[in-house]
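# Fold and contact review
What follows is the residue order along each chain.
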Amino acid sequence: SARIEASLVAARARGEVTYVDGAADFEGASFKAADAAAAAYLGAWGATGTLEAISRAVAKAGARFAYPVADFESLRGAFSEAALGDCVALRPGATVEDAVPT
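Residues numbered from 1 in each chain as written. Predicted model: local features only at pLDDT ≥ 70, side-chain atom pairs only at ≥ 80, totals over all residues. Heavy atoms only, no water.

### Topic: the overall build of the protein
The secondary structure content of the protein amounts to four helices and two strands. Starting at the N terminus and ending at the C terminus, the protein contains elements arranged as α-α-α-β-β-α. Sorting the 102 residues of the protein into buried and exposed places 21% on the buried side. Restricting to contacts in the protein with at least 6 residues of sequence separation, those with at least 24 account for 26%. Here the protein displays about 7,000 Å² of accessible surface, and carbon together with sulfur accounts for 60% of that area. (Helix = DSSP H or I, 4+ residues; strand = E, 2+ residues; numbered from the N terminus. Buried < 20%, exposed > 50% of the residue type's maximum accessible area, 1.4 Å probe, protein only. Contact = heavy atoms within 4.5 Å. Areas by Shrake-Rupley, 256 points an atom, 1.4 Å probe, with all protein chains shown as cover.)

### Some details on helix α3 (residues 50–61)
In an α-helix, one full turn covers 3.6 residues, which means residues spaced three or four apart are oriented alike. The end-to-end C-alpha separation of α3 is 17 Å, in line with the 16 Å expected for twelve residues at 1.5 Å each. Just downstream of α3, G62 is the residue with a positive phi angle, here 70°. (Expected span 1.5 Å × (residues − 1).)

### Some remarks on the pattern of salt bridges
Going through the model one piece at a time under the given rule, you end up with two salt bridges. Between D21 and R12 there is a salt bridge whose closest N-O contact spans 3.0 Å. Residue R12 is classed as partly exposed on the basis of its relative accessible area, which comes to 30%. Put simply, R14 and E16 hold a salt bridge, and the shortest N to O gap is 2.9 Å. By relative accessible area, which is 52% here, R14 ends up exposed. We classify E16 as partly exposed; its relative accessible area is 22%. (Salt bridge = Lys/Arg side-chain N within 4 Å of Asp/Glu carboxyl O.)

### Details of the side chain of D86
Along the chain, D86 turns up in the loop between β1 (64–66) and β2 (88–90). R76 is the oppositely charged side chain nearest to the buried, salt-bridge-free D86, at an N-O distance of 7.9 Å. Within the structure, D86 has its side chain in polar contact with the backbone nitrogen of A78 (distance 2.9 Å). In terms of polar contacts, D86 uses its side chain to reach the backbone amide nitrogen of F79, at 2.6 Å. Setting aside its immediate chain neighbours within four residues, D86 contacts A66, Y67, P68, G77, A78, F79 and S80. (Lys, Arg positive; Asp, Glu negative; His and termini not counted. Polar contact = N/O pair within 3.5 Å; in protein donor to acceptor, adjacent residues only side chain to side chain.)

### Section: a nonpolar patch on the surface
Taken together, the side chains of I54, V58, F65, Y67, L75 and L84 present a nonpolar region at the surface, about 540 Å² in accessible area. Tracing the sequence through the fold places Y67 in the loop between β1 and β2. A relative accessible area of 45% means that Y67 is categorised as partly exposed. (Patch = residues over 30% accessible without salt bridge, like charges linked within 9 Å, V, L, I, M, F, W, Y side chains within 5 Å.)

This is the structure:
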């Protein structure tokens, strides 16, 4: 299932398919063997389950989330230009230094 998810994400990056992480289907004009395998897998199982597995693992770990910013007025992200565009998952008890490596 993770292999199917990875192939769909890679095909999306190449512009070959339209796919939302964890979705039960995808759209694309090009149906290669990998696309057919992904379609068959999603048809049988409904989704890859990868996003759900990661979400459950993060929830169980008790992660805390931080949004490091480079500018407090605009809230521009520390790693991207978007306002609050960066999110870092931290383990409980982590420090600010753990959030933004120097």
